[in-house]
Amino acid sequence: MPHTEKPGIEAAPATRLRWWTELPLIVLVYACYSAGRLIVRGDVSDAVDHGLAILRIEKALHLNAEHPLNRLFTREPWLGIPADFWYASLHYLVTPAVLVWLFRSRTVRYRAARTWLMTSTFIGLIGFTLLPTCPPRLLDASHGFVDTMAHYSSWGWWGGEASAPRGLGGMTNQYAAMPSLHVGWALWCGVILWQCGRTRLTRTAAVVYPLVTTIVVMGTANHYFLDALAGAAVMGAGLLLTPAVMRYADRVKSRFLPRPTPVAADSSGTRSPIVSAGCQTSAGERFPRQWQHQSRYGPESEPDASPSDAGEEAPAPAR
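Everything numeric in this text was worked out from a predicted model, so none of it was measured. (Residues numbered from 1 in each chain as written. Predicted model: local features only at pLDDT ≥ 70, side-chain atom pairs only at ≥ 80, totals over all residues. Heavy atoms only, no water.)

Draft legend 1. Spotlight on the overall build of the chain. Within the chain, the secondary structure is distributed over 11 helices and zero strands. The N-to-C order of helical and strand elements in the chain reads α-α-α-α-α-α-α-α-α-α-α. Looking at the 319 residues of the chain, the share that counts as buried comes to 36%. Counting only contacts in the chain whose residues sit at least 6 apart along the sequence, the fraction spanning at least 24 positions is 77%. For the chain, the exposed surface amounts to about 19700 Å²; the carbon and sulfur share of it is 64%. (Helix = DSSP H or I, 4+ residues; strand = E, 2+ residues; numbered from the N terminus. Buried < 20%, exposed > 50% of the residue type's maximum accessible area, 1.4 Å probe, protein only. Contact = heavy atoms within 4.5 Å. Areas by Shrake-Rupley, 256 points an atom, 1.4 Å probe, with all protein chains shown as cover.)

What follows is the structure, given as structure tokens:
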């Protein structure tokens, strides 16, 4: 039965992907995302209203896990400080590392996974634009939240403004809390590690990383629980849209990029010359050209046979 390749995420790419084309593409997409996130700053009063509305919904649904986690991280430095490092660092380290690992060792899955990540990221940017949201740490102190990154700022490179390096807080949009792409990207990493990892360690990391990230973003008062749910929903929407995005990208490539010219098959009916003509062996032969020697010496003789091969009756060689 002929082997047919299954389309979808495991289908091999039509052309081999190269790192020198992938790296600029990823850098360009991330630069557009960062610039768009900075440009689409909404009105502060609207962002605060949206944050308070989310908080009221969570309290009505008894989903308000941010307060107890934030109090715990503020009271216990051995939890709060590592959580701040987790929030400020791993978002920018683990995701590229998983991309590189996927590109090097799971090439068949790479293109679909990369498209999924980029599509979801742009959906998140739409969310930042339509729904600017004040994170819990920027609400009035009467709401009971403490900005742990400002509280423990002397321990890290970040200042009192988001996770940006000290003095660069003005270069980030602090009201882009909904959805939480910290959680969304961590979930993407978890799914990829679970699907492509072959060891117990990678399977464990696939579960632990998104779960701990969700706890961290709430405990540091950077996101609401509904922000985390929205981040997961954005990744789900990106996954559903990935096949359509890939088909559209293929159509664009076929329109603007030259197609490789296929090599025409030889239909003249002529066979390629036998390189080893005259040296073929057939059944019963032990070495090439045996049929030529047999015609000269007879069917029973082997001219290159040594005296040991000829047996005891073979005459001794002349001296």
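Now that the structure has been shown, we can carry on.
Draft legend 2. A look at the packing of aromatic side chains. By the definition in use, this model includes two aromatic pairs. Geometrically, the ring pair formed by Trp86 and Tyr209 is tilted, given 5.9 Å between the ring centres and 35 degrees between the ring planes. With Trp86 in helix α4 (residues 77-105) and Tyr209 in helix α8 (residues 200-219), the pair connects residues that are 123 residues apart, well separated along the chain. On the basis of relative accessible area, Trp86 is assigned to the partly exposed category, the value being 24%. Just above the ring of Trp194 sits the side chain of Arg203; from NZ or CZ to the centre is 4.4 Å. (Phe/Tyr/Trp six-rings, centres within 6.5 Å; stacked < 30°, edge-to-face > 60°. Lys NZ or Arg CZ within 6 Å of the ring centre and 35° of its normal.)

Draft legend 3. Quick look at the nonpolar core. Among the nonpolar cores identified, the biggest contains 23 residues, and Val98, Leu102, Trp188 and Ile192 are the most heavily contacted of them. Mapped onto this core, the elements with two or more residues apiece are α4, α5 (107-130), α7 (181-196), α8 and α9 (225-256). In terms of residues, this core owes the most to one element, α7, which gives eight residues. Ignoring any residue separated from it by four or fewer positions in sequence, one finds Ile192 in contact with Val98, Trp101, Leu102, Ala113, Trp116 and Gly197. (Core = buried A, V, L, I, M, F, W, Y, C linked by side-chain atoms within 4.5 Å.)

Draft legend 4. Expanded view of α4. An ideal rise of 1.5 Å per residue puts 42 Å on 29 residues; α4 measures up with 39 Å between its terminal C-alpha atoms. Approximately 50 degrees is the largest bend angle found in α4, and it occurs at Leu90. (Expected span 1.5 Å × (residues − 1). Bend = angle between axes of the 7 residues up to and from the residue.)

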